Amino acid sequence: MNNQELDITLVDFSRAEDVSAFAKKIFTEANKQGMFVRKERFSKEQMAVRLTAQEWINRVEESIDSLSNGDALTIIASYDIIHRIAFSVPAKTDYLDKYKMQAFEAFIRGDKTVDKYFLFQVISQEIRRGNKAYFGRHLKWESLCLDRWYKNFRTGRCAVSQSDYDTASQISALLAADLYAFTPDQDGFKRRLIAGNPRHLPSLQS
């Protein structure tokens, strides 16, 4: 392990991008060290990663309430996996839901710090997990988003003038979603979507 790469003292916990990026480093190192395979005892290297993850959790809990709703959502998306690395147990669902739902309510009220597409991804993930706390207004909002984006790309091509970011994000959401409620031939629709938008799908062209 490169100690400099996991030097948590270099992380600015007021910057969500830095905190999230460091969480990815922790995850990568934990995976490299085989920490997702159940063992009775941790090695010295594994304990170093575990202690860093614990410090990340502590620092996040100290700072998250002072951040914008959008930044809090960015960070909380990494919280559960780092909590598992730190303590070998999942994070409390109520704690995760608090910030996800705060971000949702803030977005509905017009909070521009919350990215619509990242919020959609987070909400959709909870619905797919069967989290019943999201089966009301959150599920309705997810369905309305998919309906609007499906209609926008009904022919496979974007029907409105919008940014490349909007186009790429909507395509990504549609490709990941179960669209049987909108079309009996979702496989055909997704093939047209891919064929009609090669510029917005660089990862599929590699």
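As shown above, the structure is provided for reference.
A quick note: this is a predicted structure, and the numbers were derived from the prediction, not measured.

S.K.: Give me the overall build of the protein chain: which residues, what numbers.
M.R.: Scanning the protein chain from N- to C-terminus turns up nine helices and zero strands. Secondary structure elements in the protein chain, listed N-terminal to C-terminal, are α-α-α-α-α-α-α-α-α. C-alpha extents for the protein chain along the principal axes are approximately 55 × 40 × 30 Å. Within the protein chain, buried positions represent 42% of all 206 residues. Contacts in the protein chain between residues far apart in sequence, at least 24 positions, make up 57% of those at least 6 positions apart. Carbon and sulfur atoms make up 50% of the accessible area of the protein chain, which totals about 12000 Å².

S.K.: How would you summarise the pattern of salt bridges if you had to cite specific residues and measurements?
M.R.: Taken as a whole, this structure holds eight salt bridges when the rule is applied. Among the ionic pairs, Asp80 bridges to Arg84, the shortest N-O distance being 2.8 Å. You can see Asp80 and its partner Arg84 sitting in helix H3 (residues 69-87), four residues apart, about one turn around the helix. For Glu126, the salt bridge goes to Lys100, with nearest N and O atoms at 2.6 Å. One end of the pair, Glu126, is in helix H5 (residues 116-128); the other, Lys100, is in helix H4 (residues 93-108), and 26 residues separate them in sequence. Accessibility classification places Glu126 together with Lys100 in one group, the buried group. Salt bridges here are not isolated pairs; linked through shared partners, they connect Lys100, Glu126 and Arg129.

S.K.: Break down the packing of H4 against helix H6 (residues 137-152) for me, with residues and values.
M.R.: Following both chains from N to C, one finds H4 and H6 inclined at 55°, their axes separated by 12 Å at the closest point. When the interaxial angle is binned, H4 and H6 end up oblique. Here H4 runs over H6; the crossing is left-handed. On H6, the residues touching Met101, Phe104, Glu105, Phe107 and Ile108 of H4 are Arg137, His138 and Trp141.

S.K.: Talk me through helix H1 (residues 16-32); I want residue IDs and the actual numbers.
M.R.: With 17 residues, H1 extends 24 Å from end C-alpha to end C-alpha; this agrees with the ideal 24 Å at 1.5 Å per step. Within H1, the full set of buried residues consists of Ala16, Val19, Ser20, Phe22, Ala23, Ile26, Glu29 and Ala30. Elements that come into contact with the buried residues of H1 comprise helix H2 (44-63) and H3. Backbone geometry just after H1 places Gly34 at a positive phi near 70°.

S.K.: Pulling in residues and values, what's your account of the layout of surface pockets?
M.R.: Roughly 640 Å³ of volume is contained in the largest pocket. If you trace the largest pocket, you find 28 residues lining it, with Gln121, Val122, Ser124, Gln125 and Arg128 closest to the centre. Those elements that provide at least two residues to the lining of the largest pocket are H3, H4, H5, H6 and helix H7 (164-176). Here the lining of the largest pocket is composed, by residue class, of 15 nonpolar, six polar and seven charged. For the second largest pocket, the full set of lining residues is Met35, Phe36, Val37, Arg38, Lys39, Phe42, Arg50, Arg84, Ile85, Ser88, Val89 and Pro90.

Conventions adopted
- Residue positions are given per chain, counting from 1 as you read along its sequence in written order.
- Residue-level local features of this predicted model are given only where pLDDT is at least 70; pairs of side-chain atoms are given and counted only at 80 or more, and the full residue set underlies all totals for whole chains, interfaces and linings.
- By convention in this description, side-chain values take in all heavy atoms of the structure and omit both hydrogens and water.
- For helices the rule is a DSSP run of H or I covering at least 4 residues; for strands it is a run of E covering at least 2, with both sets numbered from the N terminus onward.
- Categorising residues by exposure relies on relative accessible area from a 1.4 Å probe, with only protein chains included: less than 20% of the type maximum marks a residue as buried, more than 50% marks it as exposed, and the intermediate range marks it as partly exposed.
- Throughout, a residue-residue contact means that at least one pair of heavy atoms, one from each residue, lies within 4.5 Å.
- Areas reported here follow the Shrake-Rupley algorithm with a probe of radius 1.4 Å; residue values treat only the protein chains shown as occluding.
- Here, a salt bridge means any side-chain nitrogen of Lys or Arg that lies within 4 Å of a carboxyl oxygen of Asp or Glu.
- In this description, a line fitted to the C-alpha atoms serves as the axis of each element, helices being fitted only across the stretch in contact, and the angle between N-to-C directions of two axes falls anywhere from 0 to 180 degrees.
- Angles below 35 degrees are treated as roughly parallel, those above 145 as roughly antiparallel, those between 65 and 115 as roughly perpendicular, and all remaining angles as oblique.
- We call a crossing left-handed when the near helix sits turned anticlockwise from the far one by less than a right angle, and right-handed when that turn is clockwise.
- Helices are assigned an expected span. That span is 1.5 Å times one less than the residue count.
- Points on a 1 Å grid over protein atoms alone make up a cavity when a 1.4 Å probe fits among them but cannot get out, and a pocket when they form an open set with protein on both sides within 12 Å along at least five of seven lines; lining residues each have an atom within 4 Å of a point.
- Grid points are joined across faces, edges and corners, and a volume is the space filled by probe spheres set on the points.
- In this count, Pro and Cys sit with the nonpolar residues alongside Ala, Val, Leu, Ile, Met, Phe, Trp and Tyr, while Asp, Glu, Lys and Arg are called charged and the others, Gly among them, polar.

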